[in-house]
Every structure is written in C-alpha cells, then in structure tokens.
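Commentary on secondary and tertiary structure
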Amino acid sequence: MLKKLFQVFRPQKTPAQPDPDAELALGALLVRVAQSDRDYQLEEISLIDRILARLYQHDAIEAAKVRAACEKLHAAAPETDTFGRLIRETTGLEERLAALDALWEVVLADGHEHPGEMKIVEDARKAMGLSKADSDTARARAQGKLLGPEQGVAAGQPATESALAGATTVSPTPDPSDKEPQP
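What comes next concerns the included structure. Within any chain, residue numbers begin from 1 and follow the written order of that chain's sequence. In keeping with the model being predicted, local features are shown solely for residues with a pLDDT of at least 70 and side-chain atom pairs are shown and tallied solely at 80 or more, while totals for entire chains, interfaces and linings include all residues. Hydrogens and waters are ignored; side-chain quantities use all the structure's heavy atoms.

1. Here we look at the overall build of the protein
A count of helices and strands for the protein gives nine helices and zero strands. Relative accessible area decides the class of each residue, using a 1.4 Å probe on protein chains only: under 20% of the type maximum gives buried, over 50% gives exposed, and in between gives partly exposed. Each of the 183 residues in the protein was classed as buried or not, and the buried ones make up 39%. A fraction of 75% describes how many contacts in the protein between residues 6 or more apart in sequence connect residues 24 or more apart. The Shrake-Rupley method, run with a 1.4 Å probe sphere, supplies the accessible areas, and residue values consider only the shown protein chains as cover. A total accessible area of about 10800 Å² is found for the protein, and carbon and sulfur atoms account for 57% of it. The helix count covers DSSP runs of H or I at least four residues long, the strand count covers runs of E at least two residues long, and both are numbered beginning at the N terminus. Contacts between residues were defined by any pair of non-hydrogen atoms, one from each residue, lying within 4.5 Å.

2. Here we look at unusual backbone geometry
One non-glycine residue, Arg38, adopts positive backbone phi at about 60°. Positionally, Arg38 belongs in the loop between α2 (22-35) and α3 (42-56). Positive phi is not limited to glycine here, since Gln57 has a value of about 55°. Positionally, Gln57 belongs in the loop between α3 and α4 (60-75).

3. Re the pattern of salt bridges
Salt bridge, as used here, is a side-chain nitrogen of Lys or Arg placed within 4 Å of a carboxyl oxygen of Asp or Glu. The tally for this structure, following the rule as stated, stands at eleven salt bridges. The salt bridge partner of Asp81 is Arg85, with a shortest N-O separation of 3.1 Å. Linking Asp81 with Arg85, this pair stays in helix α5 (residues 80-90), spanning four residues, or about one helical turn. Look at Arg85 and you get partly exposed, because its relative accessible area is 38%. Across the pair Glu105 and Lys145 runs a salt bridge, and its minimum N-O distance is 3.0 Å. You can see Glu105 sitting in helix α6 (residues 93-108) and its partner Lys145 sitting in helix α8 (residues 132-147), a full 40 residues away along the chain. Judged by relative accessible area, which is 32%, Lys145 ranks as partly exposed. The network of salt bridges with shared partners includes Asp49, Arg67 and Glu71.

4. Here's the deal with the packing of α2 against α3
Running from amino to carboxyl end, α2 crosses α3 at an angle of 160°, the nearest separation of the two axes being 10 Å. Considering their axes alone, α2 and α3 lie roughly antiparallel with respect to each other. Between α2 and α3 the crossing geometry is right-handed. Counted together, Ala22, Glu23, Leu26, Gly27, Leu30, Val31 and Ala34 of α2 and Glu44, Ile48, Ile51, Leu52, Leu55 and Tyr56 of α3 form the full contact between these two elements. Gly falls in the polar group here, along with every residue not listed as nonpolar (Ala, Val, Leu, Ile, Met, Phe, Trp, Tyr, Cys, Pro) or charged (Asp, Glu, Lys, Arg). Partitioning the contact of α2 with α3 into residue classes produces ten nonpolar, one polar and two charged. Where helices are involved, their axes are fitted lines through C-alpha atoms of the stretch in contact, as for all axes, and angles between N-to-C directions lie from 0 to 180°. Should an angle fall under 35 degrees it is called roughly parallel, over 145 degrees roughly antiparallel, and 65 to 115 degrees roughly perpendicular, with every other angle called oblique. Here a crossing is taken to be left-handed if its near helix is turned anticlockwise relative to the far helix by less than a right angle, and right-handed if that turn runs clockwise.

5. A few points about the nonpolar core
As used in this record, nonpolar core signifies buried Ala, Val, Leu, Ile, Met, Phe, Trp, Tyr and Cys residues forming a set joined through side-chain atoms within 4.5 Å. Core analysis: the biggest nonpolar cluster contains 36 residues, and Leu30, Leu103, Trp104, Val106 and Met128 have the highest contact counts within it. Ignoring anything within four residues of it in the chain, the contact list for Val106 reads Leu30, Val33, Ala34, Glu44, Leu47, Ile48 and Ile51.

Structure (structure tokens):
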C-alpha cells in the first residue's frame, strides 16, 4: 500500500536530456562557471544568452531556450572534462579558442575570479586540448571585451606581446601541459 502511495507522488518518467553537442556542452560549461560561485546573476545569464547568440547565430529567444536546456544539462551533467572533450572532438581549433574566450568572459563578468570558476576553466582548457598560452590570450581578449578595445585586446584581433603584458600576468613556472595544443 505504501509503495503505491509513493508511486503516485513520483514522476512516471524523468524528462530526457538532449544529447549534448558542442553548443550544448559549451552552454553547460558557461552555466557551470556562472553558477560555481553560487551567485548566478542576471548579468551572467544575459551574457550567456549573448554569447550563445553570437557564436551560434541565434536570436534572443532561441539563445534563452538553449541556455535553459544547458542549465538542465548542467544540473544532471557529467564532469567538466567530459564537456571539454566533446567540444574538442566535434569542433576545430578556432571554435575551441572561441569557447575558451566565452568561458573567460563569464569568469570576468562579475569582476571577481573565484577559485571554482578558475578550476572549471582550467579543466575545460585541458580537456579541449588548449595550452596555457591559449588561455592567457583568451583571458586578455575577454578583458578587452569588458574594458573596450582601447583598454584591452580587441575581440578578434591577434594579441600582441605588449598588449598581453599589460592584460595578463604570466606565470614564471611553465605548466607541463603547455607544450602544444592537441588537435
């Protein structure tokens, strides 16, 4: 009798999650970064929508729907490196670099770099087969988008050594995973 009572209150079937592709994987990573500090702000939500619209040519409504799906995927999600590997296996180098730029945009959006956000970006970077130098350049580009082209590295522009020197701090100790990006 109790078993039947409990079955009444349980959903019959859990809604199926969509199979993640590179877009959903990136969206879930963006949501994961934004939620990692446990302060998922409207500014971060709007930024994720704008990033998805920009990268995948969605209008505002489509981007919001994709983000909502990504929030659900993140909630039931595999590990960060699983998403990163999916991006690596299904996209080219330029798309992976754009994904890293997008992750940095979300990290820097609230003006604070939280350790949880940094770990997610680092795990995703490694899983996507990108180097620490790629991450430093992506961070500088993201800062440039936030500060404006006159104060940072302009979006889509190659980062010069002098621009990067003013925008990032380069660690004197090389990262062993920094050798070369992997295809």
